[in-house]
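Residue-level listing of the chains:
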Amino acid sequence: MSEFVLKPLGELVRSREPGCGLPGEVFSRQDVFETDIDIFFHKHWIMVGVTADVPEPGDVSVVDIGKASVIIVRDDDENVRAYRNVCRHRGARLKEAGKSTVGMLVCPYHQWTYDLDGSLRHAKHMGKDFDATCRNLRPVHLKVVGTHVFVCFADEPPADIAKLEETMAPRFAPYELQNTKIAFESEIIEDGNWKLVMENNRECYHCEAGHPELTMSFIPESTSSSADGMDEEGIKALDAYNKLNAETQANWESEGWLCSAVEELSGDVATHFRTERLMIGGHGESQTIDTKVACQKLLGNLTRRDLGDTHMWTHNSWTHVMSDHAMISYIIPLTPEKTLCRTKWLVHADAVEGVDYDVTKLTEVWVATNAQDASLVAINHRGAQDPGYIPGPYSPSTENYVDQFVGWYAGRLKAHGI
Amino acid sequence: MSEFVLKPLGELVRSREPGCGLPGEVFSRQDVFETDIDIFFHKHWIMVGVTADVPEPGDVSVVDIGKASVIIVRDDDENVRAYRNVCRHRGARLKEAGKSTVGMLVCPYHQWTYDLDGSLRHAKHMGKDFDATCRNLRPVHLKVVGTHVFVCFADEPPADIAKLEETMAPRFAPYELQNTKIAFESEIIEDGNWKLVMENNRECYHCEAGHPELTMSFIPESTSSSADGMDEEGIKALDAYNKLNAETQANWESEGWLCSAVEELSGDVATHFRTERLMIGGHGESQTIDTKVACQKLLGNLTRRDLGDTHMWTHNSWTHVMSDHAMISYIIPLTPEKTLCRTKWLVHADAVEGVDYDVTKLTEVWVATNAQDASLVAINHRGAQDPGYIPGPYSPSTENYVDQFVGWYAGRLKAHGI
Amino acid sequence: MSEFVLKPLGELVRSREPGCGLPGEVFSRQDVFETDIDIFFHKHWIMVGVTADVPEPGDVSVVDIGKASVIIVRDDDENVRAYRNVCRHRGARLKEAGKSTVGMLVCPYHQWTYDLDGSLRHAKHMGKDFDATCRNLRPVHLKVVGTHVFVCFADEPPADIAKLEETMAPRFAPYELQNTKIAFESEIIEDGNWKLVMENNRECYHCEAGHPELTMSFIPESTSSSADGMDEEGIKALDAYNKLNAETQANWESEGWLCSAVEELSGDVATHFRTERLMIGGHGESQTIDTKVACQKLLGNLTRRDLGDTHMWTHNSWTHVMSDHAMISYIIPLTPEKTLCRTKWLVHADAVEGVDYDVTKLTEVWVATNAQDASLVAINHRGAQDPGYIPGPYSPSTENYVDQFVGWYAGRLKAHGI
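Residues numbered from 1 in each chain as written. Chains lettered and ligands numbered in written order. Predicted model: local features only at pLDDT ≥ 70, side-chain atom pairs only at ≥ 80, totals over all residues. Heavy atoms only, no water.

The name an unreviewed UniProt entry gives chain A is Rieske 2Fe-2S domain-containing protein, with Paraburkholderia franconis as the organism. Under the heading Sequence similarities (unreviewed entry), UniProt records this for chain A: "Belongs to the bacterial ring-hydroxylating dioxygenase alpha subunit family." (UniProt positions renumbered as here; feature names shortened; annotations may be inferred.)

Let us look at the interface of chain C and chain B. Facing 35 residues of chain C, the contacting portion of chain B comprises 36 residues. Surface buried jointly by chain C and chain B totals about 3,100 Å² across both partners, of which 54% is contributed by carbon and sulfur atoms. Looking at the side of chain C facing chain B, the largest losses of area belong to Arg90, Tyr109 and His125 of chain C, adding up to 27% of the total buried there. Summed over the shared surface of chain C and chain B, the number is seven salt bridges. The interface formed by chain C and chain B holds 19 residue pairs in polar contact (both at pLDDT 80 or more) in total. Those elements that provide at least two residues to the side of chain C that touches chain B are helix H2 (30-41) and strand E3 (68-74) of chain C. Here the side of chain C that touches chain B takes four residues from H2 of chain C, the largest share from any one element. Looking at the side of chain C that touches chain B, its residues break down into twelve nonpolar, nine polar and 14 charged. (Contact = heavy atoms within 4.5 Å. Buried area = accessible area lost by both parts, 1.4 Å probe. Salt bridge = Lys/Arg side-chain N within 4 Å of Asp/Glu carboxyl O. Polar contact = N/O pair within 3.5 Å; in protein donor to acceptor, adjacent residues only side chain to side chain. Helix = DSSP H or I, 4+ residues; strand = E, 2+ residues; numbered from the N terminus. Nonpolar A, V, L, I, M, F, W, Y, C, P; charged D, E, K, R; others polar.)

Next up on the list: the pattern of salt bridges. Close approach of charged atoms lets side chains of opposite charge pair. This model, assessed by the stated rule, comprises 90 salt bridges over all chains. Two residues, Arg29 of chain B and Glu25 of chain B, come together in a salt bridge whose shortest N-O distance is 2.7 Å. What makes Arg29 of chain B buried here is its relative accessible area of 7%. Of the residues examined, Glu25 of chain B reaches a relative accessible area of 30% and is grouped as partly exposed. Through salt bridges that share partners, Asp53, Lys99, Glu185 and Lys344 of chain A make up one connected network. (Buried < 20%, exposed > 50% of the residue type's maximum accessible area, 1.4 Å probe, protein only.)

Residues and elements named next belong to chain B. Spatially, three strands are ordered E1-E10-E9 in an open sheet, and the strand pairing comes out antiparallel. At either end of the open sheet lies a strand with only one pairing partner, and these are strand E1 (46-50) and strand E9 (141-145). Neighbouring strand axes in the sheet, compared pairwise and without regard to direction, differ in orientation by 30° on average. In this structure, E1 lies alongside strand E10 (residues 148-152), joined through four bridges in antiparallel fashion. Across the sheet, the residue bridging to Gly49 is Val149, located in E10. Against the sheet, helix H3 (residues 161-172) contacts E9 and E10, and its axis sits at roughly 30° relative to E9. (Pairing = 2+ DSSP bridges. Axes fitted to C-alpha atoms, helices over the stretch in contact; angles between N-to-C directions.)

Here you go:
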């Protein structure tokens, strides 16, 4: 039965034709899934939440990533900390996934009790030779950028998170994202491999037919890299876009708003990200159906509404920050063919629902977009499993970032000896 | 843990005692399942539908077989064609499983658009170097026999489908099976391996106690091969059957109705089939409770009602064609322990429900029989997984065709180097 | 992808730090699960029921254990017998799991018919060379101790069941456990590996916070092995317990009630068990909320109510026999992470519900306790799968029997060459 000897992942990935998709089995094999979790979700920095998940001391947010689980907690000094969600005695989960508020972290099994700084305070019946100081909770590396909570399970987390931080922190600063609240959050489970979810997020070729709500505000050209392959009409539209974009960015820059694209997408960098201040269509204010702000109370102390969309891509998240709200999505693979997508809509901490904003208006674009993407990812996943699938070429103009994502994936595998 | 090294499938199959069943693990192992799908469902001709699934140009029927999916479509010239259900761009499924009607085949992801002849007509943004002619839909080999749609995913499909075609086409011809409609169709998922579903179909030893409805019309002796092992009463019944059958067949033959048994069941042939015109019990007309026709408008231009049952077995289907209707079942393995069984009841295209036929009367025998078989297959599957299971002997008189099916399975594995 | 080569089970188990838990993957790996089923559930004696499951001749109780299934039947001579639940023809299950009453055992597939002594009586169509005597049902080794039905699927079952029998039979004798009926039975499926279910059962460290109902009658000190690690209060409590226990046991012994602890827990013995007559808290009568008997009609011909709790542990069961009732639980692994726990409450065969006993009062302690344990096992299982889990130390005073269970597990693997 030699036909069922699995090809090594690295070989499979490196066998792809340049500019074409990955072979289908990298989206379905259990061993590839486990490697992906290990490398891309346990050894890289991943986005797992926002500071508004734990607004007060004692607030806990537990996030499961594969078989791992992290407790994110705000301690009594207002610092956000992260620990392995595993009791140091017999390994019981300290807290269920989700949010809660605690005084101490008490294991439900035998009541081992930990301070919010992770130190073991009480453990009955452990004998005179027991050294509690060896049994503190295991910390998880944590970095807050803007409001984004990044964690890394590796012993030595990639140092280049610094580049993301130094790029994004000044761009997020005027929005005061730590002074926000979660107006709404959603969770959907997509029937597709996480890499196909990310591929879907990295192009807007599918937007025209697939996302009628999003394309009210989102300009597909903003993620197109070249005119190659466009028809005359397309080239004209791209030229017009480029001209208007240059003007708009010049205007923003003149007021000090950081605009330029920064990309760290090569397979040599561990911490994959991209940012740019993107134009918004229509009235140019926000990702809403009418392209105007959905929250009358702007973020931070902003007064200008047409600040565009400061987007941030990482390998497991996408963020759009507008003057009135931020929309932050991150994904977590559940199985080779199931991926959790969590989305949070943030508004100013003092904004009042029903007065400053209406939840439906705030969320309807991305609620619809996420659902549409989920069904596209599902048909992509199923078809890519077909033995009759031969990966086709990416569009050179509209799918360049998909190609780069796949290239990054290949590079990181190689960097980890796969 | 040497006890968990899996025995190679070929070795397992060839280790069976002559005349006895297969070892239980060939029904449950995932690797065996994948080999089975690859060899028996992707490299052999399989039955996947009837022409009445796609009666008009633009009609589409999508059938999933394992991870593969085939689009069966009637083109503008009334030809039935088959394609891989995979977009040549990023592999998305073009159509969901089931039936629909289309003008062109448009991929829901990025709107790549294919003609019904499979050629790629539109693909935006693909650049000046893009050669659309290399991106037509991949055809799947297709052969229509009577009304039966056979497909084969192999590059070089077995040539001996010709033998099935030359045998069956003249037998089906008088029934004009392409001039039929689907009066009813059913789908059940059986809790058993596909080979046990087929074993169950290849003997009527279980009919007496298991199928009270079917045995009104179906004569168990018609699938018994010898009197070996029968008691006196059984031998007498078989003798009586043989005598009556010889007379009946002589009568049919004198009118030109082809009757004789044709069997291609050896492991040397790729395209496994059997046919014979079988007597029907009671009034001898149809597989109904009262053994009379269920549809007053006979198939084709037939006037004679007692034409018996022209049956056709293949390795994934069974068909019974009577003067008034045809009952066609085919199976598709879903997992090692789940098998889809689809059944279609065909009547004359001009027959009118409620006037010419009543759906309940038409279908009740095989609806009941399929359900009964499903529960027998389920207990067979579970028991055959028991570590205490030792395959027992097939009945030499009533289970000979089961033994031949298993022999064919073994032979085909060998022919594919397993 | 060398990181995904699985470590051999034996190596994993022997790598555990002395006094600490097993590495997490022994609770989740499919191959370990299959080894566990093979060794601990098919090659050792396991508890699978009570004689009251089959009170009358022809009564059948079918129990599935992994892919194996056993028919327990009381024959016409009142003997309890056990057979593989597999037809000797094509392997069909003879009976569904659960209880029923039969005259003969008739296979639903082809009506092969077996006597209650397992001999094949009828099999149609099998030919003149067929030897029915070779096709009797395959017996399963069976041993009844008290009321407990132990079976072993091995060809040569461990002989040391004799030690369990000679120890337990005289202790159970006064209770006349075969003269009981099942007042209630429950089934729960715990979301945890079977070894974690057993670990949970082998310590009462978690009782104080976890089992408010059970600790009304159950004295945690009764399963503590030493004062090591206890605080002053704990030591005082243990001393008081030991003193009272010595007095109580002396009183019982003076009346001839067997009390002393017998432990066969070492990895050198196949048949793992422990027994002792344990004190009951409060009024000292029974494991009820008010610690008094729940059934006014005592077991056997007993008149004394405060006979303590004669407990019996095996590697897949726990039993508590009090003067008025017995509570018997056994477990069967379903998957690496799911374990069935069946519990039966036995009372005197002549006790009348609503007169002698109230089912709620009889069962509420262990119904609550089982549910509480199920949720503790679930959080233990999930946490122990976390890549951040490092097995911690067992409490030397309160988790000594957990350590012994793990040691026995390791020893038995080694004894089977793992």
